[in-house]
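# Descriptive analysis of the structure
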Amino acid sequence: MGVATARTITLQGASGHVIDVQVDVSQGIVKTAMVGRPDASISEARDRCRAAVTNSGFEWPATRRVTILLSPADLPKRGPHFDLAIAVATLAASGKIPVAALTGVVFVGELTLDGRLRAVPGVLPMAMAASARDLGCVVVPEPQAEEASMIPGMTVLGARSLAQVVAILRGEPVPEAAPVQPLAPGPLLSWRGEHRIEAVDLSDVLGMADAKYALEVAAAGGHHVMLSGPKGAGKTTLAERLPGLLPDLTLEEALELSAIYSLAGCLPVGQTVMTRPPFRAPHHSATRTGILGGGSGRVHPGEVSRAHTGALFLDEFPLFQADIIEGLREPLESGEVTIARGDEIATFPARTMFVLACNPCPCGEYHPTNRDNRCECLEVRRREYRRKISGPIADRIDITRHVEPLTRREKDDPLARPETSAEVRARVTAARERQARRYDGTGWRLNSAVPGPVLRERWPLPPEAELLVDDRVYAGTLTRRGATRVHRLAWTVADLRGVGRPDVAEVDAALRLRSGEPLMLSALGAVAG
Amino acid sequence: MSERVARVALSRLSEPGDVRLTTLVGRLGADRVYELLRDEQDVAGVYTDVAARLRGLDPERELAEAATKGIRFVCPEDEEWPRDLDDLDRAEPLQERGGAPLGLWVKGARRLDETCRSAAAVVGSRSATTYGASVASDLAAHVAEHGVSVVSGAAFGIDQAAHRGALAVKGLTVAVLACGVDRAYPSAHRNLLDYIADTGLVVSELPPGCAPTRVRFLSRNRVIAALARGTVVVEAAVRSGALNTANWTTRLNRVLMGVPGPVTSAPSQGVHELIRIRGAALVTRGEDVLELLAPSGSFLSEVPRAPVLVTDRLGDRERRVLDAVPVSRPAGEDSIARTAGVGEPDVRAVVERLAGLGLVEQTSAGWLRTGQTAPR
């Protein structure tokens, strides 16, 4: 009898830790003990593993003392995917598998009572964590082998049953087994218009040159946008066209996003890797957990994380629960979200573009110009509505635009040649490539992610342009954080224009974009619709 | 040689708005001036300046070539010459430029005089804000819908917004260029200029093929001002060329109008100065422009008003009584009389009148306001 160690991974948010599953089989009072802070589902593993081992035709050391240690002990451990590592370590400890075969291998998978493997959520981030610890081989349930193979240099063994895993480790011929069901359910139903977002194009929208340019800048630099305007003016129409302006994900982004979807257990079946940026548009009745992440038991990534590398559209923003609005401060500023719960702290990436939309008042009819104002809201109600977007939140919005309904004059303009999403996407892609070159080796991809001090130190504004920003700061109309955001925005405007660095015109444009003042598009060489 | 061909020749020889030449033509006639120049007579120093351009000049061929491109030359002896242009001869020159054009090269099927009979110039900064562009467009669309042509310069910013506003309502618009009408400047406006030539007119003092230069823009501005009854400046920074057009408008005693912007906006600063010092009329929409340009009284801009409420028609005593009637707890006439400072017999009469208007109602415990103030 002896001792053996198999490895698996536990996830905390989107980060993974290697867990040693150490099993000692020795003489003593007959008992199977599990130590090292297992959660309920791992404690159940004892019974599952025992049945699975027995039903796979192996012998569980039932007449011995079996001690299963999960270490490091101070980490909370979650999930049923420890089964495979426990079973394999037990078999190795009882001499059924050579102990050496377990070195450098990570085991992930839940066992059924008859010894088959079941798919588990989060295989991709687990494989990522394994790779980061120089563990070059993972054994995973077969349908998830593809997911784990996304990690470059990773040897992935997809298995259907415990018997197959044992055979592989022993170097014996692999026995037949029934295929494993994939985790994500197949689509139960599809409906017409399911792919509506992919079918819409920017050229469907006439006029609104201002708001369109704002979206282009947001897409190019990953900046947050607030669209306000009376109901029916076209805020949603515009927001839905934002994903179409974004280029395909880079490999790195695709991995990050797929890892989040893997964690959420909703990586689409048959899709190795997500290639298009996500667009999420939760309703304002959504819960805090739904938006920011959390949940009982396993911590689920929220909408802010599922929109990572893409866009999150929050329509009727002031109608969201106040604590959700305030909870958005962190993701708006840092591009990640931390869920602290008891002794568990989970951090998920949430580097998404926030597109917030709001009406000017609760009834949605208020026009600041008196002429066609049909608003019936009391001034108090109007003020209350606007106050829901608190100062700290508003300060984190890079671009504000007021969207006015299309006029007949814009609709009938015979010379209007609205640009297609593809044309704008080409410019956005070029601007993103410029950023990628500039930030090569720094760990940032987009202007919106570069920390303020680094930006001021390494990519400062020319003195004359800096003066424009300072004027507003000293006048009290721009906060320090706002100044940093304007600085980033100016770089994006410059990247879109293809000029080497931002100057007065770019900073002016950035200030206008932020304050909601009308833009001077012809000065930027942008073509107005 | 006809007067017309001589004018074609002179338009090729001289820079537009050359005061020396326009004065000479006014005194001697174009034919005679052209003859003098061909005889190498250096009248007022003009010959020295144009000598190089005289070589190989063939005005007849120029006319024929222009015709193949659908371009015609309109001069004062033509029926379609807008008489309004002659005002330039009487206006004081500005920066050594002035006088009526020798003629205008025109592209487009419509008659020039009819198209410009009732016209408004809408001009402004090339680096306009989207606010300026949208105001210019809406304003141009409104006046064009009411039969007023929109004259502008086909530049970026306000100019193009004005043209397109007029085109959107199938209105007439005239683009006055600082280069030959066969050229597109800026080149991005090729489509715009083609469209204007198809539906309205593209005109220029300069013969086909000429390139735009800085001074040519200044001369061009006087033509814009002279073709229109009035000029609306939408956005202009303190050094904008649109202010030059405004200058000409004043010199021609035409109506000068300005659209204000936010007081903090640099692109509106020039306009604000026009309104503050130079007496430009403040306009905010097409109606305002029509009121100022159309024959007196034919268009009256509606003054924006709040809706009239019943309470607006009450006299002072009635208002005092009404204000004294409580909203939530009914009050007797004695209490109302005390609060309002109106005698009790009067109060009775007044509350009954107010009740007739539906403003107050009688309950068992006294009088109460109904909260109704809707217009009657």
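This structure is a prediction, so every number in the text was calculated from the model and none was measured.

Reading the values: rules and limits
Residues numbered from 1 in each chain as written. Chains lettered and ligands numbered in written order. Predicted model: local features only at pLDDT ≥ 70, side-chain atom pairs only at ≥ 80, totals over all residues. Helix = DSSP H or I, 4+ residues; strand = E, 2+ residues; numbered from the N terminus. Buried ≥ 20, exposed ≤ 12 C-beta atoms within 10 Å, placed from the backbone. Contact = placed C-beta atoms within 7 Å. Rg over C-alpha atoms; globule rule 2.2 N^0.38 Å. Nonpolar A, V, L, I, M, F, W, Y, C, P; charged D, E, K, R; others polar. Arc of directions from axis to C-beta. Pairing = 2+ DSSP bridges. Axes fitted to C-alpha atoms, helices over the stretch in contact; angles between N-to-C directions. Core = buried A, V, L, I, M, F, W, Y, C linked by C-beta atoms within 7 Å. Domains from an automatic or database assignment. pLDDT = per-residue confidence, 0-100. Parallel < 35°, antiparallel > 145°, perpendicular 65-115°, else oblique.

## Overview of the overall build of chain A
Along chain A, the regular secondary structure elements total 22 helices and 18 strands. Once the C-alpha set of chain A is aligned to its principal axes, its extents read approximately 90 × 50 × 40 Å. When burial is assessed residue by residue, chain A has 47% of its 529 residues classed as buried. Taking all contacts inside chain A whose residues are at least 6 apart in sequence as the whole, residues at least 24 apart take part in 73%.

## Digging into the overall build of chain B
From N to C terminus, chain B includes 17 helices and eleven strands. Here chain B has a C-alpha radius of gyration of 30 Å; the compact-globule value for 376 residues is 21 Å, and the former is much larger. Summarising its shape, the C-alpha atoms of chain B cover approximately 105 × 40 × 35 Å along the three principal directions. Once local pairs closer than 6 in sequence are excluded, the contacts in chain B between residues at least 24 apart make up 70%.

## Some points on the interface of chain B and chain A
Each side of the interface is counted separately: chain B has 22 residues, and chain A has 17 residues. Where the side of chain B that touches chain A is concerned, the elements lending two or more residues are α8 (130–145), α9 (158–168) and α10 (190–199) of chain B. Per element, the largest residue contribution to the side of chain B that touches chain A is six residues, and it comes from α8 of chain B. Of the residues contributing to the side of chain B that touches chain A, the split by class is twelve nonpolar, seven polar and three charged.

## Quick look at helix α3 (residues 30–38) of chain B
Helical geometry: 3.6 residues make up each α-helical turn, so side chains three or four residues apart lie on a common side. Residues and elements named next belong to chain B. Of all the residues in α3, the buried ones are Ala30, Val33, Tyr34 and Leu37. Taken down its axis, α3 places every buried residue within 100° of arc, on the same side. Of the surrounding elements, those touching the buried residues of α3 are α1 (3–13), α2 (19–28) and α4 (46–54). Just downstream of α3 lies Glu40, where phi reads positive at about 60°.

## Comments concerning the sheet that holds strand β18 (residues 399–402) of chain A
Residue and element names in this part refer to chain A. One open sheet holds the five strands; their spatial order is β11-β14-β17-β10-β18, and the pairing between them is parallel. If you trace the sheet from one side to the other, it starts and ends with β11 (279–280) and β18, each paired once. Here strand β10 (residues 225–228) pairs with β18 via four bridges, running parallel. When the sheet's bridge partners are listed, Ser228 is paired in β18 with His402. Relative to β18, helix α8 (residues 209–221) is tilted by about 160°, and along the sheet it contacts β10, β17 (353–358) and β18.

## Quick word on the nonpolar core
One finds Val88, Val108 and Val355 of chain A together with Ala120, Val122, Leu227 and Val232 of chain B to be the most contacted residues of the largest nonpolar core, which totals 239 residues. In this structure Val108 of chain A touches Thr8, Ile9, His81, Leu84, Val120, Val123, Met126, Val138, Val139 and Val140 of chain A, once residues within four positions along its chain are discounted.

## Section: the environment of Arg408 of chain A
Structurally, Arg408 of chain A can be placed in helix α17 (residues 408–411). Residues Arg408 of chain A and Leu255 of chain A, spaced 153 residues apart in sequence, show a C-alpha to C-alpha distance of 46 Å.

## As for the domain arrangement of chain B
Where the parts come together, the accessible area they lose is often given as the size of the interface. All names here are of chain B. Under the domain assignment, chain B is made up of domain 1 (1–59), domain 2 (69–293) and domain 3 (310–369). Measuring from the centre of the C-alpha atoms in domain 1 to the corresponding centre in domain 2 gives 27 Å. Listed as interface residues are 16 residues of domain 1 and, on the opposing side, 20 residues of domain 2. For the side of domain 1 that touches domain 2, the element with the most residues is α1, which contributes seven residues.

## Topic: the confidence of the model for chain B
Looking at chain B as a whole, the pLDDT averages 91, with 98% of positions reaching at least 70. As scored by the predictor, the complex reaches a pTM of 0.81 and an ipTM of 0.74.

## Observations concerning the pairing of strand β10 (residues 360–363) of chain B
Residues and elements named next belong to chain B. Direction of pairing for β10 relative to strand β11 (residues 366–369): antiparallel, over a ladder of four bridges. Residue Val360 lies in a different strand from β11, and its bridge partner there is Arg369. Hairpin connection from β10 to β11: two residues lie between these consecutive antiparallel strands.

## Quick notes on unusual backbone geometry
Pro72 of chain A follows Ser71 of chain A through a cis peptide bond whose omega is 5°. Residue Pro186 of chain B is reached from Tyr185 of chain B by a cis peptide bond, and omega for that bond is -5°. When you line up the elements, Pro186 of chain B lands in the loop between β5 (173–177) and α10. For Gln95 of chain B, which is not glycine, the phi torsion reads 50° and is therefore positive. Topologically, Gln95 of chain B is positioned in the loop between α6 (87–90) and β2 (104–107).

## Some thoughts on the pairing of strand β7 (residues 230–233) of chain B
Residues and elements named next belong to chain B. On β7, burial covers both faces: Gly230 and Val232 on one face and Thr231 and Val233 on the other are all buried. In this structure, strand β3 (residues 119–123) lies alongside β7, joined through four bridges in parallel fashion. Within the sheet, the bridge partner assigned to Ala120 lies in β7 and is Gly230. Sheet analysis places β7 next to strand β8 (residues 255–258), joined by four bridges and oriented parallel. What sits directly across from Val233, in β8, is Gly258.

## Some points on the domain arrangement of chain A
All names here are of chain A. Partitioning chain A into domains gives domain 1 (3–170), domain 2 (198–223 + 414–529) and domain 3 (224–397). The C-alpha-based centres of domain 1 and domain 3 are spaced at 38 Å. If you look at the interface, domain 1 gives 17 residues, while domain 3 gives 19 residues. Those elements that place two or more of their residues in the side of domain 1 that touches domain 3 are β1 (3–12), α4 (123–132) and α5 (145–148). Top contributing element to the side of domain 1 that touches domain 3 by residue count: α4, with four residues. Split by residue class, the side of domain 1 that touches domain 3 holds nine nonpolar, five polar and three charged.

## Concerning helix α13 (residues 269–276) of chain B
Residue and element names in this part refer to chain B. Inspection of α13 places Gly270, Val271 and Leu274 among the buried residues, and these make up the whole buried set. Here the buried residues of α13 occupy an arc of 100° about the axis, which is enough to place them on one side. Buried positions along α13 lie against β7, α12 (242–251) and β8.

## Some points on the environment of Leu263 of chain A
Residues and elements named next belong to chain A. Along the chain, Leu263 turns up in helix α10 (residues 251–263). On a C-alpha basis, the gap between Leu263 and Val120 in space is 9.1 Å, while along the polypeptide they are 143 residues apart. Setting aside anything within four residues of it in sequence, one finds Leu263 in contact with Leu11, Ala14, Pro121, Gly122, Pro125 and Pro301.

## Focus: the sheet that holds β2 of chain B
All names here are of chain B. Taken in spatial order, the nine strands of this open sheet run β1-β2-β6-β5-β4-β3-β7-β8-β9, and their pairing is mixed. Only two strands of the sheet have a single partner each, and these edge strands are β1 (71–74) and β9 (281–282). The pairing of strand β4 (residues 149–152) with β5 spans three bridges and is classified as parallel. Residue pairing across strands places Val151 opposite Val174, the latter belonging to β5. Against the sheet, helix α5 (residues 59–68) contacts β1 and β2, and its axis sits at roughly 130° relative to β1. Across the sheet, α12 lies against β3, β7 and β8, angled at about 150° from β7, the strand it touches most.

## Looking at the environment of Glu423 of chain A
You can see Glu423 of chain A is positioned in helix α18 (residues 421–438). For Glu423 of chain A, a count of 14 C-beta atoms within 10 Å gives the class partly exposed.

## With respect to the packing of α1 of chain B against α5 of chain B
Residues and elements named next belong to chain B. Viewed as axis vectors pointing N to C, α1 and α5 meet at an angle of 90°, and their least axial separation amounts to 8 Å. Between α1 and α5, the angle falls in the class roughly perpendicular. Counted together, Val5, Val8, Ala9 and Arg12 of α1 and Pro59, Glu60, Glu62 and Leu63 of α5 form the full contact between these two elements. A class-by-class count of the residues in the contact of α1 with α5 yields five nonpolar, no polar and three charged.

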